Amino acid sequence: VRIRVITWNMHAKPPPEASELKKRMLPVDSYDCFVIGTEECENSIAMSAFKPSKERWESVLREALGSEFEMLCGHTLQATHCIVFLRRELVCFVTKLNSAAVSTGIGFGQNRLGNKGAVAITFSLGNKALLFINAHLAHARQGLQNRNAEYHKITSQLARELLDVEGLGDMSEDEAIEQLLTDMDYVVWAGDLNYRLEMEREDVLDLLSSDRLPELLEADQLVQARRNHDAFQGLEEAAINFRPTYKYDSGTNQFDSSKKLRTPAWTDRILYKAAEGFRVEEYTSIQNVLISDHRPVYLSAEVELDLVSPSGSGPDGETEEQNLGQNTSQVCAVM
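Let us look at the structure shown here.

The next point concerns the overall build of the protein. When helices and strands are tallied, the protein shows 9 helices and 14 strands. Split into buried and exposed, the 335 residues of the protein put 57% on the buried side. Per element, the accessible surface of the protein, about 14,000 Å² overall, is 46% carbon and sulfur.

Following this line, the structure appears as C-alpha cells:
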C-alpha cells in the first residue's frame, strides 16, 4: 500500500482549486492513502476559536481526490486539522478507527486552548496498526524548550487516549511514549513543528546561496534535539534535500522581506517510526505552491501489510461501523 503524508501551514489563505491540488499535491493514480495535515487552515488561529470547521477545505480535497477515495476520518483542533482518505476498495479492511486531540496552547495546567497542539488519527488496515499525528508547536527560535516539552506531552497523552493498556495512567511520559511506539506498527509524526536554525539570517542566506544544506542542518534545532535525546526519540527523519519551508513572502519564492526579516528555517517536518515494512520513497517540499508563507512538505512511503477482512461482528466491526467517516471539530482538549 502506498501512502502520501502531507503537512502544510496554509497561513489562513483560501485553498487552491481542486485541479491545482490534484496536479501538484495529490496524484490520485499513484497512491492508495492520503493523510493531509494542515495548520492555520481556512482561518487564522484566533478566528478558528470561533469557526473551527474545515468544511470548505475538506470539500476541495474531496473534489480533488474524486470518487475513488473515501474519507475515513477528519479531526480539527482549532486551526490544526488532519484528514485521511483511503482508496474505496481498501475501506472494507479498516478496523479500530479512532481520533484524538491534545491542546498545548493558552491556558493553565491541563486546561488549554488549541491554538497549539496536535490531532491524531489511528486505524488498522488489514493486520497493521497505523497512527498519523499532525501538530502545530510553539513558535519562535527561543521556544525550543517549549517545543520539546510539547512533543512529550502530546505523544504521551495520545498514548493514554488511544491505547487500551493497563497501567498507562501511572506511566511516566517517556514510558507512555515508548508504549505507543511499540503498540503501533507504523507511526508518522508531522506538522509545523516550528524548530528553527541557531544561526543568524545573513549566514543562513549565504549558505543557501551555494546550496550548503548539510552545514545549515547542523544548526537545526530539531536535528540537535533528536541527537541530544531531548525529543522525538524512537522516530527517524529522511534526508532533507529541499530548501527551508519558512518564511516566504506570499505568492513568491522570496524569503521574508518584511520588517521582521525572519530567518529561513525548516519549520515543517515529517518524522516516522523506523519499522520493517515501512519504506520511504520520497521526502520533499512543494516549491511551486505559493499561496502561503510556508511550503507544503510530503513524505511518500510504501507499507507492507496483509489485507485481512474483519469479521463484521464483535468490537472491531462495531467500531468500524460507528466511526467510519467521522469528523470532529474542537477548540480545546480538556485533560
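Moving on, there is more to tell.
With respect to topology, 5 strands assemble into an open sheet ordered β5-β8-β9-β10-β11, the strand pairing being mixed. On the outer flanks of this sheet lie β5 (94-103) and β11 (268-272), each paired with one strand and no other. Within this sheet the neighbouring strands show an average axis-to-axis angle of 10 degrees, counted without direction. Summarising the sheet, strand β9 (residues 128-136) and strand β10 (residues 186-192) pair through 7 bridges and their orientation is parallel. Bridged to F132 within β10 is V188.

Moving on: the packing of aromatic side chains. The full count for this structure, using the stated rule, is 12 aromatic pairs. Arranged with centres 5.9 Å apart and planes meeting at 45 degrees, the rings of Y186 and F278 form a pair that is tilted. Of this pair, Y186 sits in strand β10 while F278 sits in strand β12 (residues 278-285), and the two are 92 residues apart along the sequence. For the pair Y186 and F278, one class covers both residues: buried. Each ring, one from W189 and one from F232, has its centre 5.1 Å from the other, and the planes form 80 degrees; the classification is edge-to-face. Pair noted here: W189 is in strand β10 and F232 is in the loop between α8 (221-227) and β11, with a separation of 43 residues, a long-range link. For the residue pair W189 and F232, the accessibility class agrees, reading buried in each case.

Turning next to the pattern of salt bridges. Taken as a whole and assessed by the stated rule, the structure comprises 17 salt bridges. The salt bridge involving R24 is made with E20; its shortest N-O contact spans 2.3 Å. Linking R24 with E20, this pair stays in helix α1 (residues 18-24), spanning 4 residues, or about one helical turn. R87 is the salt-bridge partner of D32, the closest N and O atoms lying 3.4 Å from each other. With D32 in the loop between α1 and β2 (33-39) and R87 in strand β4 (residues 80-87), this residue pair connects regions lying 55 residues apart in the sequence. Residue D32 is classed as partly exposed on the basis of its relative accessible area of 21%. Among the charged side chains, a network of salt bridges with common partners joins D32, E68 and R87.

The subject of this paragraph is unusual backbone geometry. For the bond running from Y246 to K247, omega is -5 degrees, close enough to zero to count as cis. Notably, E40 is not glycine yet its phi reads approximately 50 degrees, a positive angle. Inspection of the secondary structure puts E40 in the loop between β2 and α2 (45-48). Although it is not a glycine, Q78 sits at a positive phi angle of roughly 55 degrees. By secondary structure assignment, the location of Q78 is in the loop between β3 (69-77) and β4.

Right, let's talk about a negative patch on the surface for a bit. Together, E173, D174, E175 and E178 make up a region of like negative charge exposed at the surface. By the secondary structure assignment, E178 is in helix α5 (residues 173-183).

In an α-helix, one turn spans 3.6 residues; hence positions three or four apart end up facing the same way. Buried within helix α6 (residues 201-209) are the following residues: R201, V204, L207 and L208. One side of α6 carries all its buried residues, which in axial view fall inside an arc of 130 degrees. Those residues of α6 that are exposed and angled more than 90 degrees off the buried face are E202 and S209. Where α6 is buried, its residues contact α7 (213-217). Two residues or fewer after α6 comes D211, characterised by a positive phi angle close to 55 degrees.

Within the secondary structure, S209 sits in helix α6. The exposure class of S209 is exposed, given its relative accessible area of 59%. A polar contact of 2.5 Å, which involves the side chain of S209, links it to the backbone oxygen of D206.

Cut-offs and rules
Residues numbered from 1 in each chain as written. Predicted model: local features only at pLDDT ≥ 70, side-chain atom pairs only at ≥ 80, totals over all residues. Heavy atoms only, no water. Helix = DSSP H or I, 4+ residues; strand = E, 2+ residues; numbered from the N terminus. Buried < 20%, exposed > 50% of the residue type's maximum accessible area, 1.4 Å probe, protein only. Areas by Shrake-Rupley, 256 points an atom, 1.4 Å probe, with all protein chains shown as cover. Pairing = 2+ DSSP bridges. Axes fitted to C-alpha atoms, helices over the stretch in contact; angles between N-to-C directions. Phe/Tyr/Trp six-rings, centres within 6.5 Å; stacked < 30°, edge-to-face > 60°. Salt bridge = Lys/Arg side-chain N within 4 Å of Asp/Glu carboxyl O. Patch = residues over 30% accessible without salt bridge, like charges linked within 9 Å, V, L, I, M, F, W, Y side chains within 5 Å. Lys, Arg positive; Asp, Glu negative; His and termini not counted. Charge placed at Lys NZ, Arg CZ, Asp CG, Glu CD. Arc of directions from axis to C-beta. Contact = heavy atoms within 4.5 Å. Polar contact = N/O pair within 3.5 Å; in protein donor to acceptor, adjacent residues only side chain to side chain.

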